[in-house]
Amino acid sequence: LWLFFIFIVVTLLVAKWKGLSSLLAMGFSFLVIFKFILPRILAGDNPASTVIFGSLFIIPITFYFSHGLNKKTTIAIIGTLVALAITIILAHLFVNAAKLTGFVSEEASFLQTIKKGSINIKGLLLAGIIIGSLGVLDDITIAQSAIVFQLKQTNKKISSAELYKRAMEVGKDHIASMINTLILVYTGVALPLLLLFIDNPHPFSEVINYEI
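Residues numbered from 1 in each chain as written. Predicted model: local features only at pLDDT ≥ 70, side-chain atom pairs only at ≥ 80, totals over all residues. Heavy atoms only, no water.

Caption draft 1: Main features of the pattern of salt bridges. Applying the stated criterion across every chain yields a total of 3 salt bridges. A salt bridge links Arg40 to Asp45; the nearest nitrogen and oxygen atoms lie 2.9 Å apart. Under the relative-accessibility criterion, Arg40 is labelled partly exposed at 34%. Residue classification places Asp45 among the partly exposed residues on the basis of a relative accessible area of 29%. Where Lys172 meets Glu169, a salt bridge forms, and the shortest distance between an N and an O atom there is 3.3 Å. Linking Lys172 with Glu169, this pair stays in helix α6 (residues 160-189), spanning 3 residues, or about one helical turn. Residue Glu169 is classed as partly exposed on the basis of its relative accessible area, which comes to 42%. (Salt bridge = Lys/Arg side-chain N within 4 Å of Asp/Glu carboxyl O. Buried < 20%, exposed > 50% of the residue type's maximum accessible area, 1.4 Å probe, protein only. Helix = DSSP H or I, 4+ residues; strand = E, 2+ residues; numbered from the N terminus.)

As structure tokens, then:
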């Protein structure tokens, strides 16, 4: 609770009204997740479809809340929806190709037992991927959109080709930093798993094919 309080205070001190609007947007995201997405999944609806439908509410409302009702935000929303659609297709294809079941955690097994098999665990895995991707896309698309608009405001005579070139240079930095960020984040939560890879009598090619 203290850490959450510090987070709120720092956000308001640094970002002021934009910080407040972002906190409200965060609250709306939690509202959709806990009042719509999770209850519908528990009721037996397909988790992936439920998350996709919920995202159609989360994306525009949280974006406009956090970044204002303007062209910059609208473009970021469009970019997010397109990227999310691509992510959903790739996730579906590769989860099936890798034959992942979603039963990688004790929580999934407990859930399946308690709900007597009424929840699609593979769909739950896909839903988790979609929500995780949405969090990443929120950061990337709005930042990239903001940079393009700032470049244009700084030099209104800049050509479209030059604007695209300069924006892509920044975009490359975004990609490079995001890759490293994600690797470190996943490493942080998967340290026990990584220890199994480096201290195991079985070959890596065998261990990597155990879903757990």
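Caption draft 2: Layout of the packing of aromatic side chains. The full count for this structure, using the stated rule, is 6 aromatic pairs. Ring centres 5.5 Å apart and planes at 50 degrees place the aromatic pair Phe197 and Phe204 in the tilted group. The rings of Phe36, Phe53 and Phe57 are connected pair by pair, giving a single aromatic cluster. (Phe/Tyr/Trp six-rings, centres within 6.5 Å; stacked < 30°, edge-to-face > 60°.)

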